[in-house]
Amino acid sequence: MAEATRWLDPDDRELLSLWWLESSGELTRDELAQSLGVTNQHAAVRVQRMKERLDTSRVLVRALHARPRCPDLGELVAGWSGRPDALWRKRLARHTRDCPHCGTGWTHLVAAERLLAGVGLVAPAAGLAAAMVTAAGGASAGAGVGAAAGAAWNSATGTTASTAGKAAWLPKLLQGFVVSKPIAAAVATVAVAAAAAVTFGVVRDDGAVPAAAVLPPAASGAPSPVPPTGPAATTAPPASAKPTPKKTAAKPAVPLPPTRKTAKKGAAVWDFPAVNAGLKAVGASWYYNWGSNNDRMPASGVEFVPMIWGTTNATDSTLAQAKREGDTLLGFNEPDMAEQADMTPAKALELWPKLQATGMRLGSPAVAWGAADTGRWLDEFMKGAKQKGYRVDFITLHWYGGDFSSAAVGQLKGYIQQVYAKYKLPIWLTEFALIRFDGSGAHYPTDAQQVSFINGATDMLQGLSYVERYSWFGLPSTSDSHTGLYKESGALTPMGTAYRAAG
């Protein structure tokens, strides 16, 4: 786990440190979201995606440490420097998903929460904490935390103790400071680094974990997966020895398909600077962001549909914001999942009159699965709504397919047909994609498989009269996104090109 964190981007490492504090009970989700500067629902999405990348990184570590090593993997890493980065993470992840030998690394992964719960939070040495916080928030802040660390410990105990002995003190110390996001994140990150070092029992004077303490030697002839502990020495060849670059003819650009815009087609969007251009590029007529307003990500000429995400969002002020955004309101997000809205049907029914009082057209809570099953969450909610005379205008669904074959389109269609037959209400499919979730994390098909699914699924959705709207998960494409449609650079992904032509 500790080694896998080296493969995460800086933003993910910061989020991991905060999520660790949340998992250990030292932060609430509200505090985590506030530290990130996002809403609770956006924080939930970011945590979920960070955990997926963390699990991917754990699989890479497994594959690189496997003995005997996969021959194909050995050839793949022959030109690798040994330093983890996003590009190599993506290349190696693709290999592990497609390779029968390395693919076994995706099985039997212990949930990250369970591993983190077993590793204590360790108070870093005052000098290390001060150095980290100084880098984030300035010298005065660093000196204050560094000095206060020693003073707080001595004042509380009247003694000195080892780092391990102060493990429980760090959360209390952090709670005693009113610090900005970068300072809090820096201190939390120190905790992650320190705990990882203590886990392996060795830490250098400069705070780094020696490579020999955590990694076995690589197979002979293969580059070590250990990033060098210092900058690599390089010698530039003399100018006369540099080869003259050859001019190559530019490949003709493949023309994009025409943009097809239909009232049904939309996209799920989280924080993304290119939201406006991305929605237009894929021909989306509407979008949502799991929030009650689109202040953080406005888009011109595309309808925004608000959502009341969970219990804490069902307030008069939030409902008033949502009402200003339009005439349709999406209900609670995956209330049947502990990591999402996490509500009982009874609690949702208790809050439903507030949503109904807006006078907006209401979509049901969107369950993660089992929408057509008797006795499951949505069935209980809809029965209760009928008994109480509450209004639900359409059913909101999420669907993720774990079968990456051509049968996936038929499986999605069958699910939608079952739900419609049960409730006889219009359908909004607000999240869908091919992703297989199991105990070892999230698994993705090839781009070609995802594209084929988009082509078939959107044709099918367009043809079902009772499907009013659908939205792909999701619009943004990051370095690790396997379903994103549009990159910040302004380029469509293969999935985005297919979605652009849908409708």
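Structure first, text after, so check above.
Read on for an overview of the structure.

What counts, and where the lines are drawn
- As a convention, each chain's residues are numbered from 1 in the sequence order in which they are written.
- Note on the predicted model: pLDDT of at least 70 is required for a residue's local features to be given, and 80 or more for side-chain atom pairs to be given and counted; whole-chain, interface and lining totals, by contrast, use all residues.
- Here the side-chain values reflect all heavy atoms present in the structure, with hydrogen atoms and water set aside.
- Interaxial angles span 0 to 180 degrees and are taken between N-to-C directions of axes, which are lines fitted to C-alpha atoms, for helices over the stretch in contact.
- Counting from the N terminus, the helices are DSSP H or I runs at least four residues long and the strands are E runs at least two residues long.
- Here roughly perpendicular refers to angles of 65 to 115 degrees, roughly parallel to angles under 35, roughly antiparallel to angles over 145, and oblique to all remaining angles.
- Note on convention: near helix rotated counterclockwise from far helix by under a right angle means a left-handed crossing. Clockwise means right-handed.
- What makes two residues a contact is simply this: any of their non-hydrogen atoms within 4.5 Å.
- Following the grouping adopted for this structure description, the nonpolar residues are Ala, Val, Leu, Ile, Met, Phe, Trp, Tyr, Cys and Pro, the charged ones are Asp, Glu, Lys and Arg, and the polar ones are all others, Gly among them.
- Should DSSP find at least two bridges between two strands, the strands are taken to pair.
- A cavity here means a set of points on a 1 Å grid, drawn over the protein atoms and nothing else, where a 1.4 Å probe fits but cannot get out; a pocket is an open set with protein on both sides within 12 Å along at least five of seven lines, and a residue lines either one if it has an atom within 4 Å of a point.
- Grid points are joined across faces, edges and corners, and a volume is the space filled by probe spheres set on the points.
- For salt bridges, the criterion is a side-chain nitrogen of Lys or Arg within 4 Å of an Asp or Glu carboxyl oxygen.
- Burial classes follow relative accessibility: with a 1.4 Å probe on protein chains only, a residue under 20% of its type's maximum area counts as buried, one over 50% as exposed, and anything between as partly exposed.

Considering the packing of helix α1 (residues 10–23) against helix α2 (residues 29–36)
Working step 1: Relative to each other, α1 and α2 sit at 160°, their axes nearing to 9 Å. What the angle tells us is that α1 and α2 run roughly antiparallel. Relative to α2, α1 is oriented so that their crossing is right-handed. Note on element contacts: α2 touches α1 through R29, L32, S35 and L36, opposite E14, L15, L18, W19 and E22.
Working step 2: Broken down by class, the residue content of the contact of α1 with α2 amounts to five nonpolar, one polar and three charged.

Re the sheet that holds strand β7 (residues 427–434)
Working step 1: The six strands lie next to each other as β3-β2-β1-β10-β7-β6, forming an open sheet whose pairing is parallel. With partners counted over all chains shown, the strands left at the sheet margins are β3 (303–304) and β6 (395–401), one partner each.
Working step 2: Relative to β3, strand β2 (residues 286–288) runs parallel, the two being bridged by two bridges. Of the residues in β3, the one forming a bridge with Y287 is F304.
Working step 3: Running at roughly 155° to β6, helix α16 (residues 408–423) makes contact with β6, β7 and β10 (467–473) of the sheet.
Working step 4: The strands touched by helix α17 (residues 447–463) are β6, β7 and β10; relative to β7, the strand with the most contacts, the crossing angle is about 165°.

Topic: the layout of surface pockets
Working step 1: Here the second largest pocket defines a volume of roughly 800 Å³.
Working step 2: Taken together, 38 residues form the lining of the second largest pocket, with Q48, E52, M337, E339 and F437 sitting closest to its centre.
Working step 3: Of all elements in the fold, only α3 (40–65), α6 (112–117), β6, β8 (436–438) and β9 (441–443) reach the threshold of two or more residues within the lining of the second largest pocket.
Working step 4: Among the elements that make up the lining of the second largest pocket, the one with the highest residue count is α3 (seven residues).
Working step 5: Across the lining of the second largest pocket, the residue classes tally to 17 nonpolar, ten polar and eleven charged.

Topic: the pattern of salt bridges
Working step 1: Throughout the structure, instances matching the rule amount to twelve salt bridges.
Working step 2: Two residues, R296 and D271, come together in a salt bridge whose shortest N-O distance is 3.0 Å. You can see R296 sitting in the loop between β2 and β3 and its partner D271 sitting in the loop between β1 (265–268) and α12 (275–282), a full 25 residues away along the chain.
Working step 3: Residue R296 is classed as partly exposed on the basis of its relative accessible area of 46%.
Working step 4: Here D271 falls in the partly exposed class, since its relative accessible area comes to 30%.
Working step 5: For R376, the salt bridge is made with D373, and the minimal N-O distance between the two is 3.7 Å.
Working step 6: The partly exposed category is assigned to R376, whose relative accessible area is 34%.
Working step 7: In this structure D373 comes out as partly exposed when scored by relative accessible area, which is 35%.

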